[in-house]
Amino acid sequence: MMGRRLLTRGLLSAAVGLNLLVLAACGVERSTGVSSPGGSQVRAPREFSGIAWLATEGNSTGPGHDAEPREVFLVCHDARDNDAERDLPRLAIVRTPVDPDGISVEELHVDFPSVPNDLESIARLPGRDEALLAESNADGNDPDPTIYLARWDKNLDVEIAGSVPWPKTPEPLTNVEATAVATVGGRDYFVYAERAQGSDTTRINMTRLTVRRSGAITFGRKWTSVSFTAPEPPGARPASGLDIDTKGNLYVSSAYDPGDVGPFDSAVYRAATVRRGGPLGAKLAAVRPPQLLARSSGLKVEGVALVSGSFPIFISDDDEDYGGLLRQLRVTEPAG
């Protein structure tokens, strides 16, 4: 069944001031708490735990009506399957800003075959309007962690076309926040990394992937792996987000998370490459040392997304009690 859109740009009472109409366009909402006379309280968007680029909306709306292009992303929320969060939306469509109103957020009510528990990453299939939505396994507490197949049409209506349990992995599946899909030589490969809480090192793992039009998803039995150590920030989870460009470069975010009110800290690296060769038909090679592309002090980056498989690169943040954030990175490279 096609997912039903719930727009955060809802209709407001005529008695509500124009300032609230502007805030509603940003995806924020009125609070039910007490506010001062003539004032209001607003909320930031919910946390953005994973992200995938969907489309670039057009540069114009007709002759003489130029409009700024907008990048459109699918994001997931890491709501748990418990009494407090079971009925919360798991997905949203987020658009980049074109004016001071900021980003727009459309929460989606999509039918899943089971209640998703801690969706932490989205891995788009290159060249297709499909993506894998991966449950993290929630520190090993999920008895049946699942990977879902999402599809969308030209109107960006999203549906869940299939699901499958996580495959047998080369190391214990504990808490995964970083997944991606690469296409090499016409074949798809699933890539993931444990967030590795308490360590500065994780392993990037890759296996064959087949996604059929019926929605069936199958993984290979053989894996290839390389290690990745995050030089900074100190104390960070080494892998909190992942994406792969069309040239096979793997971009990994690392995030420091001391608690729900921070302070947070993050970095984004070019950590590895995927190329033809090896027993699987594709192989991983670590970038030594990892190439630091950006630092994001004060933010907890949990997703990275390339636009159509190349730069620019965007980040999604799960800043816990501060809410969600979407930003384009300014990428700087070391001399030489």
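Preceding this paragraph is the structure being described.
Let me sum up the structure you'll find in this document. Small disclaimer: the values here were computed from a predicted structure and weren't measured.

**Remarks on the pattern of salt bridges**
According to the stated counting rule, one finds 21 salt bridges in the structure shown. Salt-bridge contacts for Arg80 lead to Asp118; the nearest nitrogen and oxygen are separated by 3.4 Å. One end of the pair, Arg80, is in the loop between strand E3 (70-76) and strand E4 (91-95); the other, Asp118, is in the loop between strand E5 (104-109) and strand E6 (119-124), and 38 residues separate them in sequence. The buried category is assigned to Asp118, whose relative accessible area is 1%. Via salt bridges that share partners, Asp139, Glu177, Arg195, Arg237, Asp257, Lys300, Glu302, Asp318 and Glu320 belong to a single interconnected network.

**Observations concerning the pairing of strand E19 (residues 301-307)**
Buried residues dominate E19, accounting for seven of its seven residues. Note: E19 against strand E20 (residues 310-318), six bridges, orientation antiparallel. By the bridge assignment, Gly303 is partnered in E20 with Ser316. In this structure, the hairpin formed by E19 and E20 is closed by a connection of two residues, where Ser308 is found at a positive phi of approximately 55°.

**A look at the sheet that holds strand E17 (residues 265-276)**
Taken in spatial order, the four strands line up as E15-E16-E17-E18 in an open sheet, and their pairing is antiparallel. Lying at the two open borders of the sheet, with one neighbouring strand each, are strand E15 (237-244) and strand E18 (282-295). Mean inter-strand twist for the sheet, computed between neighbouring axes without regard to direction, equals 25°. In this sheet, E18 lies alongside E17 in antiparallel orientation, the contact comprising nine bridges. Within E18, the residue paired with Thr273 across the bridge is Ala285.

**Overview of the sheet that holds strand E21 (residues 324-328)**
Spatially, three strands are ordered E19-E20-E21 in an open sheet, and the strand pairing comes out antiparallel. Both edges of this open sheet fall to E19 and E21, since each of them pairs with a single strand only. Between one strand axis and the next, the sheet turns through 20° on average, direction left out of account.

**Focus on the packing of aromatic side chains**
The tally for this structure, following the rule as stated, stands at nine aromatic pairs. Ring centres 5.5 Å apart and planes at 70° place the aromatic pair Tyr251 and Phe311 in the edge-to-face group. Here Tyr251 is found in strand E16 (residues 249-256), whereas its partner Phe311 is found in strand E20, with 60 residues between them in sequence. A relative accessible area of 4% means that Tyr251 is categorised as buried. The class for Phe311 is partly exposed, based on a relative accessible area of 40%. In textbook terms, an aromatic cluster arises when at least three aromatic residues are bridged by ring pairs, as seen for Trp166, Phe190, Tyr192, Phe219 and Trp223.

**Considering the environment of Ile51**
Inspection of the secondary structure puts Ile51 in strand E2 (residues 50-57). Ile51 sits in the buried class, given a relative accessible area of 3%. Along the primary structure Ile51 and Cys76 are separated by 25 residues, whereas in three dimensions their C-alpha atoms are 6.6 Å apart. The contact partners of Ile51, leaving out residues within four places of it in the chain, are Phe73, Leu74, Val75, Ile122, Gly303, Val304, Ala305, Ser316 and Leu326.

About the thresholds
Starting afresh in each chain, residues are numbered from 1 along the sequence in its written order. For a predicted model such as this one, the threshold for reporting local features is a pLDDT of at least 70, and the threshold for listing and counting side-chain atom pairs is 80 or more; totals across whole chains, interfaces and linings nevertheless cover every residue. Hydrogens and water molecules were not included; the side-chain quantities draw on all heavy atoms of the structure. Basic side-chain nitrogens of Lys or Arg form a salt bridge, by our definition, when they fall within 4 Å of a carboxyl oxygen of Asp or Glu. Going along the chain from the N terminus, every DSSP run of H or I of four or more residues is numbered as a helix, and every run of E of two or more is numbered as a strand. Summary of the burial criterion: residues with accessible area below 20% of their type's maximum are buried, those above 50% are exposed, and those between are partly exposed, where the area comes from a 1.4 Å probe applied to protein chains only. Pairing between two strands requires that DSSP report at least two bridges joining them. The axes used here are C-alpha line fits, helices contributing only the stretch in contact, and every angle between their N-to-C directions lies in the interval 0 to 180 degrees. Pairing of aromatic rings covers Phe, Tyr and Trp, the last through its six-membered ring, and needs centres within 6.5 Å; plane angles under 30 degrees mean stacked, over 60 mean edge-to-face, and all others mean tilted. The contact rule is simple, with two residues in contact once any of their heavy atoms fall within 4.5 Å.

Honestly, it's all geometry; don't read function into it.
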